[in-house]
Amino acid sequence: MQKWLITGANRGIGFEFARQLIEAGEQVIATARNPEGAEALQELAARHDGLTIEPLELDDRASIAALADRLAGTPIDVLLNNGGLYGGSWDNASHRQSLDSMEYDLWEQIMRVNVMAPFQLARVLRENLFAGQRKLIINMSSDLGSIANNGQGQSYAYRSSKAALNMVTKGLSVELADQGVTVVSLAPGWTQTDLGGAAAHWPVGESVSNQLKVIAGLGPQNTGSFVDLLGRPVPW
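One structure accompanies this document, and this report is about it. (Residues numbered from 1 in each chain as written. Predicted model: local features only at pLDDT ≥ 70, side-chain atom pairs only at ≥ 80, totals over all residues. Heavy atoms only, no water.)

Across its full length, the protein carries eight helices and seven strands. Its C-alpha atoms give the protein a radius of gyration of 17 Å, within 12% of the compact-globule value 18 Å for 236 residues. The dimensions of the protein, computed from C-alpha atoms along their principal axes, are 50 × 40 × 35 Å. A sequence separation of at least 24 residues applies to 68% of the contacts in the protein between residues at least 6 apart. Summing over all exposed atoms, the protein offers an accessible surface of approximately 11000 Å²; the carbon and sulfur share of this is 50%. Distance between charge centres in the protein, computed from 18 positive and 25 negative side chains, equals 4 Å. (Helix = DSSP H or I, 4+ residues; strand = E, 2+ residues; numbered from the N terminus. Rg over C-alpha atoms; globule rule 2.2 N^0.38 Å. Contact = heavy atoms within 4.5 Å. Areas by Shrake-Rupley, 256 points an atom, 1.4 Å probe, with all protein chains shown as cover. Lys, Arg positive; Asp, Glu negative; His and termini not counted. Charge placed at Lys NZ, Arg CZ, Asp CG, Glu CD.)

Moving on: the environment of Pro118. Locating Pro118 in the fold gives a position in helix α5 (residues 104-124). The exposure class of Pro118 is buried, given its relative accessible area of 5%. Once the C-alpha coordinates of Pro118 and Glu54 are considered, the two residues, 64 residues apart in sequence, prove to be 16 Å apart. Excluding anything up to four places from it in sequence, Pro118 contacts Asn81, Val113, Asn139 and Leu165. (Buried < 20%, exposed > 50% of the residue type's maximum accessible area, 1.4 Å probe, protein only.)

A few words now on the sheet that holds strand β7 (residues 226-228). Ordered by their spatial adjacency, seven strands build an open sheet running β3-β2-β1-β4-β5-β6-β7, and the pairing between neighbours is parallel. The open sheet has two free edges, formed respectively by β3 (51-55) and β7, since each of these has just one partner strand. Looking at each pair of strands side by side, their axes are set apart by 20° on average, direction ignored. As judged from the five bridges shared by strand β2 (residues 27-32) and β3, these two strands associate in the parallel manner. The residue of β3 that forms the bridge with Ala30 is Ile53. Each of β1 (3-6), β2, β3, β4 (78-81) and β5 (136-140) touches helix α1 (residues 12-23); the most contacted strand, β1, lies at about 165° to it. Helix-sheet contacts for helix α2 (residues 39-47) involve β2 and β3, and the interaxial angle to β3 is about 145°. (Pairing = 2+ DSSP bridges. Axes fitted to C-alpha atoms, helices over the stretch in contact; angles between N-to-C directions.)

Below, the structure written as structure tokens:
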């Protein structure tokens, strides 16, 4: 049995991770910005003693620090930095971060949520990870964060945040190697979530089940890498 901490677990990929893991007998600390309003997550927790819910606002450094204080002394095997921000769906919000129309305040918020928050969480939860058995950090990246694969442009704020997150992954992998911590960026594929939309390739359940298979095989030999939901390397 492993203990996972999953950010952004109230919906989409994060919720599906929590559901599949808890039903497989794992323990899950699930975070949500508004736990009281996370009805599906609350219902899941009511059915499974191994699932606890913690409030966390990724856009608030004090909220992240408070979470670390509450979890002091709790071993964590896997930190899944899943929570992220795009600013709407691909279909209805891409204009907010385009060459023709950029909302700079949104760009700043996306960088805080998608880059700074995962870094801070890795930093303040280091002792929890050192006390765990798995010692694994998964940063949820995106194919859109691949510089080499960018043949479309657009989504400047989101793309740049995921590219920056990949750099955070690489840096953490170097600095935490001596402590036996594995750090990996994972691209979940184009998934049928609020961001991906109904036309996306992967149903959320299938995306997560594939990601879990990849995560199960990760070890120190993979640290500092960027892979997709089938375990294939993604170009930086």
